[in-house]
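Residue-level structure breakdown
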Amino acid sequence: MEIDIEKYLKKTSLFNCLNSFQLARLGRAIAIKSYKKGALIFSEGDPASGFYIVAEGKVKVYKLSAAGKEYIMNVFSNGQTIAEVTVFSGKDYPAYAQAITNSTLLFLPKLQLLDILREYPEIALRMLAALSERQRRFAEMIEDLSLRDVSCRLAKYLLNLAGQKKSNTFSLDMQKSELALKLATIPETLSRNLKKLKTKKLISLNDNVVTILNKASLQNLAEDL
């Protein structure tokens, strides 16, 4: 399978500032990996030998509780990077990563990455900015789980997804069972809350397609602590 590595590198926030020579240098260190839907990419506790860039498909990163309950930390799609923080920590992967769909990933080994950063310090600066943004999102996630109920978390998720899609009509980016896990609830509770939003005419829902009908009211709900 032919993959234009440089094209995908340009889509990432880490590497879109680089010139063609730098992108080519980075591309030579990258391995292309394909995963079938449901395939495990890495497990919690595996040595962090490098990080991944999603070229095609979707990947979920999740944790398992002592009782085996899954909590989805994030879902990654085209142009997003996975586990870039871990390669600098000297520790193992702290979670599981699994392909939600058939996926093609670009893998950048840790040792080659460190060599490249010594050559091009501007890449390191861009990575610092991206890591800071990741830290901010994790802080928001902890706040959501501790202070907001399911309806608030759902409203915020829908608004964020609308912002990403730049449209008030969009498809959910994961199955409802997976969304329930991401929102730290169960599918039945998620279904009840979706029904409430429909009854209040804040959204319409047709299969997996959502239309936000009353953005202001949905925003008020998302901010209701």
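Since the model is a prediction, treat every value here as computed from it, not as a measurement. Numbers given for residues are sequential positions, taken from 1 along each chain in its written order. Since the coordinates come from a predicted model, pLDDT governs what is reported: local features require at least 70, and pairs of side-chain atoms require 80 or more to be given and counted, while whole-chain, interface and lining totals use all residues. To obtain the side-chain values, all non-hydrogen atoms of the structure were used and water was disregarded.

1. Concerning the overall build of the chain
Looking only at helices and strands, one finds nine helices and eleven strands in the chain. A compact globule built from 225 residues would reach a C-alpha radius of gyration of about 17 Å, and the chain, at 19 Å, matches this within 12%. Counting only C-alpha atoms, the chain reaches 55 × 40 × 35 Å along its principal axes. Note on definitions: a residue-residue contact is assigned when non-hydrogen atoms from the two residues lie within 4.5 Å. By sequence separation, contacts in the chain at least 24 residues apart represent 70% of the contacts at least 6 residues apart. In short, Shrake-Rupley with a 1.4 Å probe defines the accessible areas, and a residue's cover is counted only from the protein chains shown. In the form shown here, the chain has an accessible surface area of approximately 11,900 Å², with 52% of it arising from carbon and sulfur atoms. Positive: Lys, Arg. Negative: Asp, Glu. His and the chain ends are not part of the count. Positions of charges follow a simple convention, taking NZ of Lys, CZ of Arg, CG of Asp or CD of Glu. In the chain, 33 positive and 23 negative side-chain charges are present, and the distance between their average locations comes to 5 Å. Helix numbers and strand numbers start at the N terminus; a helix is a DSSP run of H or I with at least 4 residues, a strand a run of E with at least 2. Here the globule rule is a power law, 2.2 Å times the number of residues to the power 0.38, and the radius of gyration is based on C-alpha atoms.

2. Comments concerning the nonpolar core
Residues enter a nonpolar core if they are buried and are Ala, Val, Leu, Ile, Met, Phe, Trp, Tyr or Cys, with the set joined through side-chain atoms within 4.5 Å. Burial classes: relative accessible area under 20% of the type maximum marks a residue as buried, over 50% as exposed, and values in between as partly exposed (1.4 Å probe, protein chains only). Among the nonpolar cores identified, the biggest contains 40 residues, and L9, F15, F51, Y52, I82 and L106 are the most heavily contacted of them. Here the element with the most residues in this core is strand 3 (residues 50–56); it accounts for five residues. Aside from chain neighbours lying at most four places away, what touches L106 is I3, I5, Y8, L9, I30, A31, I32, F51, Y52, I53 and A55. The next biggest cluster of nonpolar side chains, apart from the first, holds 30 residues, and it includes Y157, M174, L202 and L205.

3. As for the side chain of N193
Here N193 lies in helix 8 (residues 187–199). With near-sequence residues (within four places) excluded, N193 lies in contact with V150, S151 and L154.

4. Examining unusual backbone geometry
A positive phi is found at A83, a non-glycine position, where the angle reads about 75°. Mapped onto the elements of the fold, A83 is located in the loop between strand 6 (81–82) and helix 3 (86–89). A positive phi is found at K201, a non-glycine position, where the angle reads about 60°. With respect to the element layout, K201 can be found in the loop between helix 8 and strand 10 (203–206).

5. Quick look at the pattern of salt bridges
By definition, a salt bridge exists where a carboxyl oxygen of Asp or Glu is found within 4 Å of a side-chain nitrogen of Lys or Arg. One pass over the full model with this rule turns up four salt bridges. We note a salt bridge from K60 to E70, for which the minimum N-O separation is 2.9 Å. With K60 in strand 4 (residues 59–64) and E70 in strand 5 (residues 70–76), this residue pair connects regions lying ten residues apart in the sequence. A relative accessible area of 18% means that E70 is categorised as buried.

6. So, the packing of helix 6 (residues 150–165) against helix 9 (residues 215–222)
The interhelical angle for the contact between helix 6 and helix 9, taken along N-to-C directions, is 130°, at an axis separation of 7 Å. Considering the angle they form, helix 6 stands oblique to helix 9. For the element pair helix 6 and helix 9, the recorded crossing hand is left-handed. Counting all contacts with helix 6, which are made through S151, C152, A155, K156, L158 and L159, the residues of helix 9 involved are K215, L218, Q219, L221 and A222. Split into classes, the residues belonging to the contact of helix 6 with helix 9 amount to seven nonpolar, two polar and two charged. Where helices are involved, their axes are fitted lines through C-alpha atoms of the stretch in contact, as for all axes, and angles between N-to-C directions lie from 0 to 180°. Just so you know how the angles are binned, under 35 degrees is roughly parallel, over 145 roughly antiparallel, 65 to 115 roughly perpendicular, and the rest oblique. Each crossing is labelled by how the near helix is turned from the far one, with a counterclockwise turn of less than a right angle marking it left-handed and a clockwise turn marking it right-handed. In the scheme used here, Gly and all other residues not listed as nonpolar or charged are polar, with Ala, Val, Leu, Ile, Met, Phe, Trp, Tyr, Cys and Pro taken as nonpolar and Asp, Glu, Lys and Arg as charged.

7. Some details on the confidence of the model for the chain
Of all residues in the chain, 91% have pLDDT values of 70 or greater, and the mean over the chain is 85. Looking across the chain, the model is least confident in helix 5 (residues 121–147), with a mean pLDDT of 68, and most confident in strand 2 (residues 40–42), with 97. Per residue, pLDDT measures the predictor's confidence, with a range of 0 to 100.

8. Some words on the pairing of strand 7 (residues 96–99)
Of the two faces of strand 7, the one lined by Y96 and Q98 and the one lined by A97 and A99 are each fully buried. By this definition, two strands are paired if DSSP reports at least two bridges between them. Two elements, strand 2 and strand 7, share two bridges in a ladder whose sense is antiparallel. For F42, the partnering residue across the bridge sits in strand 7 and is A97.

9. Side note on the packing of aromatic side chains
Under the pairing criterion, centres of Phe, Tyr and Trp rings, with the six-membered ring standing for Trp, must be within 6.5 Å; the plane angle then separates stacked pairs below 30 degrees from edge-to-face pairs above 60, leaving the rest tilted. Scanning the model with the defined rule gives five aromatic pairs in all. Taking the centre distance of 3.9 Å and the plane angle of 15° together, the rings of F42 and Y93 count as stacked. With F42 in strand 2 and Y93 in the loop between helix 3 and strand 7, this residue pair connects regions lying 51 residues apart in the sequence. Of the residues examined, Y93 reaches a relative accessible area of 3% and is grouped as buried. Two conditions define a charge located above a ring, namely a distance within 6 Å from the ring centre to NZ of Lys or CZ of Arg, and an angle within 35 degrees of the ring normal. For K33, the ring lying beneath its charged end belongs to F107, and the centroid distance is 5.4 Å. For K60, the ring lying beneath its charged end belongs to Y62, and the centroid distance is 5.3 Å.

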